[in-house]
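# Topology and contacts: notes
If you want the building blocks of each chain, they are given just below.
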Amino acid sequence: MAGMSGKRLQKELAKITGVLPPGITLVSAENLREWQMDLTVPDNPIYPADHVYRLKFMFSTNYPIEAPECTFIQLSTPVRKIPIHPHIYSNGIICLDLLDKQGWSPVHNVESVCISIQSMLASNTKNERPPGDAEFVRSNRSRPRDINFLYHDPSV
């Protein structure tokens, strides 16, 4: 990946291979197209402290002008489940304005996205999936960044 995107990602990678906030870990960044990060959620009984969740970031050549595609992924080894949250679909797609065309700003980065998602999970009080989860997962064919979510419930 060349140009502004590649330079920005190299700079971010250099920063996050150092110190990251508690509960956020870089797992892999073998190239400048896809990175994986692990998250834990502090102080929320919905997410036990020993549960670790895996995020996958996909970057386009328009990053940071365009938001990264960020989803939770499920793995069997090591065990990584998709967290239950009213804004996280069972296929790992995250409904978060920060990841949307209107909510994204180039001042954000991988670390700030991880912190936002970790905060969203830490403040969650509802152990449930979004309304219509099964239908959405069955019928959605769009990339996460191309979905026009309606952000109508700021309470979760």
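Since the model is a prediction, treat every value here as computed from it, not as a measurement.

Analysis parameters
Residues numbered from 1 in each chain as written. Predicted model: local features only at pLDDT ≥ 70, side-chain atom pairs only at ≥ 80, totals over all residues. Heavy atoms only, no water. Salt bridge = Lys/Arg side-chain N within 4 Å of Asp/Glu carboxyl O. Helix = DSSP H or I, 4+ residues; strand = E, 2+ residues; numbered from the N terminus. Buried < 20%, exposed > 50% of the residue type's maximum accessible area, 1.4 Å probe, protein only. Expected span 1.5 Å × (residues − 1). Contact = heavy atoms within 4.5 Å. Polar contact = N/O pair within 3.5 Å; in protein donor to acceptor, adjacent residues only side chain to side chain. Phe/Tyr/Trp six-rings, centres within 6.5 Å; stacked < 30°, edge-to-face > 60°.

### A look at the pattern of salt bridges
The tally for this structure, following the rule as stated, stands at 5 salt bridges. Lys15 is the salt-bridge partner of Glu111, the closest N and O atoms lying 2.7 Å from each other. You can see Glu111 sitting in helix H2 (residues 110-122) and its partner Lys15 sitting in helix H1 (residues 3-16), a full 96 residues away along the chain. Arg138 is paired through a salt bridge with Glu135; the nearest N and O atoms lie 2.6 Å apart. Taken together, the residues span about one helical turn, with Arg138 and Glu135 both in helix H3 (residues 133-139) at a distance of 3 residues. Looking at Arg138, the relative accessible area reads 53%, which means it is exposed. Members of the salt-bridge network, linked through shared partners, are Asp38, Arg54 and Arg80.

### Observations concerning H2
Compared with an ideal rise of 1.5 Å per residue, which puts 13 residues at 18 Å, H2 spans 18 Å between its outermost C-alpha atoms and is within 8% of the ideal. Here H2 has its buried residues at Val110, Glu111, Ser112, Val113, Cys114, Ile117, Gln118, Met120 and Leu121. Those residues of H2 hidden inside the fold are in contact with H1, strand E1 (24-28), strand E2 (34-39), strand E3 (53-58) and strand E4 (69-73). Capping the start of H2 is the job of one residue whose side-chain oxygen sits 3.0 Å from the backbone nitrogen of Glu111: Asn109.

### A word on unusual backbone geometry
Going from Tyr63 to Pro64, the amide bond is cis rather than trans, its omega being 10°. Within the secondary structure layout, Pro64 lies in the loop between E3 and E4. Look at the link from Thr77 to Pro78: it is a cis peptide, with omega at -10°. One can find Pro78 in the loop between E4 and H2.

### Some remarks on the packing of aromatic side chains
Under the counting rule described, the total for this entry stands at 7 aromatic pairs. On the basis of an interplanar angle of 10° and a centroid distance of 6.2 Å, the ring pair of Phe57 and Phe59 is categorised as stacked. Judged on exposure class, the residue Phe57 and its partner Phe59 are both buried. Three or more aromatic residues link up through ring pairs in this structure, and these residues are Trp35, Phe57, Phe59, Tyr63 and Trp104.

### Here's the deal with the environment of Ile16
Within the secondary structure, Ile16 sits in helix H1. Classification of Ile16 as buried rests on a relative accessible area of 4%. The spacing of Ile16 and Val110 is 94 residues in sequence and 8.6 Å in space, taken between C-alpha atoms. Non-local contacts of Ile16, meaning those with residues more than four positions away in its chain, are made with Leu26, Trp35, Met37, Val110 and Glu111.

Geometric values such as these leave the question of function open.
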